Amino acid sequence: MQSLVICRARGVLLRSLNFNFNHKFICRHSNSESISKKTAQQSLKMENRPQKQRQQKSITNDSSITSNPNFNKIQQVIHSSDSSASDGWEKCWQLGLTPWDLGQPTPVMVHLHRAGALPKGRALVPGCGSGHDVVAIACPERYVVGLDISDEAIKKAIELSSSLPNADYFTFLKEDFFTWRPTELFDLIFDYTFFCAIEPDMRSAWACQMRDRLKPDGELITLMFPISDHVGGPPYKVSVADYEEFLNPIGFKAVSIVDNELAIAPRKGIEKLGRWKKLISQSLLRM
């Protein structure tokens with residue numbers, strides 16, 4: 001009789017324990033589902049937020065370019081019916097209509113030069129303008145050629161740099177990059193505000209010139225600007241895909257493409273630093 005009572009008591013206790021366990025499991029499962037739903041909703045919001053921010057950023061970037069009063073002036077001068085493209089750029093320099101000219105070397109190039117992260121040998125800067133970048137990276141280990149189609153730009157570059165202590169390590173030439181045929185090739189070419197300045201239908205010719213002017217295993221550095229969706233130019237909008245479209249098929253490989261953290265304030269977020277290597281195998285095929 002005593003054993004029966006104990007068994008029944010244990011049965012009640014077990015049923016009670018099972019109820020409590022099931023109740024707690026259901027509550028926890030329910031809470032877990034609720035938390036999962038909240039987490040999923042939060043994740044969705046987080047996924048949507050960068051997209052909205054990118055869209056807003058793109059609108060802001062486009063506006064910062066097209067709202068510049070010089071944007072329309074440059075287009076008017078360059079696309080004037082009574083002048084060629086070269087005459088247009090010459091007139092821009094004569095008028096002082098040169099918003100692409102920072103008035104100083106490009107910060108990221110100064111950084112790379114000081115860090116010893118640039119190829120030595122011979123370097124070329126097409127569309128060099130007043131020559132700040134040419135002077136900044138010229139040294140005993142690196143001879144730099146600055147090229148520009150504007151006579152006014154070359155005159156200014158020579159005027160600003162002729163008395164500098166490293167003047168023996170650079171030179172400036174008034175030449176058309178697309179028709180120029182140098183007698184020596186280059187270890188490094190630096191392009192900044194040149195790709196975006198030419199007509200988009202000339203980009204294939206630009207890429208071929210870069211390939212043909214570099215030594216086997218030479219390096220091309222491109223500061224990709226302006227990365228935006230604005231209409232018209234110059235400067236014409238660019239994207240990483242634009243560079244890849246013309247460089248990859250002719251033997252260039254991107255070593256790195258990163259945001260330019262050292263970009264000047266107005267160009268933050270719309271400028272990337274691309275470093276490209278000319279593949280030796282492709283170079284040999286052309287020899």
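The model shown is predicted, which means the values in this text are computed figures rather than measured ones.

Some points on the sheet that holds strand S5 (residues 214-224)
And step 1. An order of S3-S2-S1-S4-S5-S7-S6 is seen for the seven strands of this open sheet, with the pairing classed as mixed. Two strands close off the open sheet at either side, each with one partner strand: strand S3 (170-174) and strand S6 (252-259). Going from strand to strand, the sheet's axes swing by 20° on average, the running direction of each strand aside.
And step 2. Summarising the sheet, S5 and strand S7 (residues 272-278) pair through six bridges and their orientation is antiparallel. Within S7, the residue paired with Leu-223 across the bridge is Leu-273.
And step 3. Along the sheet face, helix H6 (residues 151-161) touches strand S2 (142-148) and S3 and points at about 160° away from the line of S3.
And step 4. Taken strand by strand, helix H8 (residues 240-247) contacts S5, S6 and S7, and its axis lies near 160° from that of S5.

Digging into the pattern of salt bridges
And step 1. Considering all chains together, one arrives at eight salt bridges under this definition.
And step 2. Of the charged contacts, one joins Asp-217 and Lys-277 as a salt bridge, the two residues approaching to 3.6 Å between their closest N and O atoms. In this pair, Asp-217 is assigned in strand S5 and Lys-277 in strand S7, connecting sequence segments 60 residues apart.
And step 3. With a relative accessible area of 25%, Lys-277 lands in the partly exposed category.

Some remarks on the packing of aromatic side chains
And step 1. Inspection of the entire model under this criterion finds 11 aromatic pairs.
And step 2. For the ring pair Phe-177 and Phe-194, a centre distance of 5.4 Å and an interplane angle of 90° mean the geometry is edge-to-face. Note that Phe-177 is positioned in the loop between S3 and strand S4 (186-192) and Phe-194 in the loop between S4 and helix H7 (203-213), a separation of 17 residues in sequence.
And step 3. In this structure Phe-177 comes out as buried when scored by relative accessible area, which is 4%.
And step 4. Aromatic pair Trp-180 and Phe-186: ring centres 6.1 Å apart, planes at 40°, arrangement tilted. Grouping residues by exposure puts Trp-180 and Phe-186 together as buried.
And step 5. Chaining the aromatic ring pairs together yields one cluster made of Trp-89, Trp-93 and Trp-100.
And step 6. Over the ring of Phe-225 we find Arg-267, and its NZ or CZ is 4.6 Å from the ring centre.

Some words on the layout of surface pockets
And step 1. Approximately 1100 Å³ is the volume attributed to the largest pocket.
And step 2. Trp-89, Trp-100, Thr-193, Phe-194 and Ala-197 are, among the 50 residues lining the largest pocket, the residues nearest its centre.
And step 3. Top contributing element to the lining of the largest pocket by residue count: helix H3 (residues 85-95), with four residues.
And step 4. Residues of the lining of the largest pocket, tallied by class, amount to 31 nonpolar, 12 polar and seven charged.

With respect to the side chain of Thr-193
And step 1. Turning to its location among the elements, Thr-193 is positioned in the loop between S4 and H7.
And step 2. Exposure remark for Thr-193: the relative accessible area of 17% places this residue in the buried category.

As for helix H2 (residues 69-78)
And step 1. Every buried residue belonging to H2 is among Phe-71, Ile-74, Gln-75, Val-77 and Ile-78, and all of these are buried. Projected down its long axis, H2 shows its buried positions confined to an angular sector of 165°, all on one face. Exposed residues lying more than 90 degrees from the buried face of H2 are Pro-69 and Gln-76.

Thoughts on H3
And step 1. Among the residues of H3, Gly-88, Trp-89, Glu-90, Cys-92 and Trp-93 are the ones counted as buried.
And step 2. In the core, the buried residues of H3 are packed alongside H2 and H6.
And step 3. Directly beyond the C-terminal end of H3, a positive phi value near 70° is found at Gly-96.

Concerning empty space enclosed by the protein
And step 1. Per the counting criterion, the structure on display carries one cavity of 30 Å³ or more.
And step 2. For the largest cavity, the calculated volume is near 30 Å³.
And step 3. Grouping the constituent residues of the lining of the largest cavity by class yields six nonpolar, two polar and one charged.

Some points on the side chain of Asp-187
And step 1. With respect to the helices and strands, the residue Asp-187 is situated in strand S4.
And step 2. The exposure class of Asp-187 is buried, given its relative accessible area of 19%.
And step 3. Within the structure, Asp-187 has its side chain in polar contact with the side chain of Lys-215 (distance 3.3 Å).
And step 4. Contacts of Asp-187, omitting those with residues within four sequence positions, involve Pro-119, Lys-120, Gly-121, Arg-122, Leu-214, Lys-215, Gly-218 and Glu-219.

Some thoughts on the confidence of the model for the protein chain
And step 1. Mean pLDDT over the protein chain: 83, with 74% of residues reaching 70 or higher.
And step 2. Note that residues 1-40 has pLDDT below 50 and, in this model, zero contacts with residues that lie over four places away or in other chains.
And step 3. Counting interchain partners and residues more than four positions distant, the pLDDT-below-50 stretch residues 49-60 has two contacts.

Reading guide: rules and limits
- Residues numbered from 1 in each chain as written.
- Predicted model: local features only at pLDDT ≥ 70, side-chain atom pairs only at ≥ 80, totals over all residues.
- Heavy atoms only, no water.
- Pairing = 2+ DSSP bridges.
- Helix = DSSP H or I, 4+ residues; strand = E, 2+ residues; numbered from the N terminus.
- Axes fitted to C-alpha atoms, helices over the stretch in contact; angles between N-to-C directions.
- Contact = heavy atoms within 4.5 Å.
- Salt bridge = Lys/Arg side-chain N within 4 Å of Asp/Glu carboxyl O.
- Buried < 20%, exposed > 50% of the residue type's maximum accessible area, 1.4 Å probe, protein only.
- Phe/Tyr/Trp six-rings, centres within 6.5 Å; stacked < 30°, edge-to-face > 60°.
- Lys NZ or Arg CZ within 6 Å of the ring centre and 35° of its normal.
- 1 Å grid on protein atoms, 1.4 Å probe; cavity = no way out; pocket = protein on both sides within 12 Å on 5 of 7 lines; lining within 4 Å.
- Points joined across faces, edges and corners; volume = space filled by probe spheres on them.
- Nonpolar A, V, L, I, M, F, W, Y, C, P; charged D, E, K, R; others polar.
- Arc of directions from axis to C-beta.
- Polar contact = N/O pair within 3.5 Å; in protein donor to acceptor, adjacent residues only side chain to side chain.
- pLDDT = per-residue confidence, 0-100.

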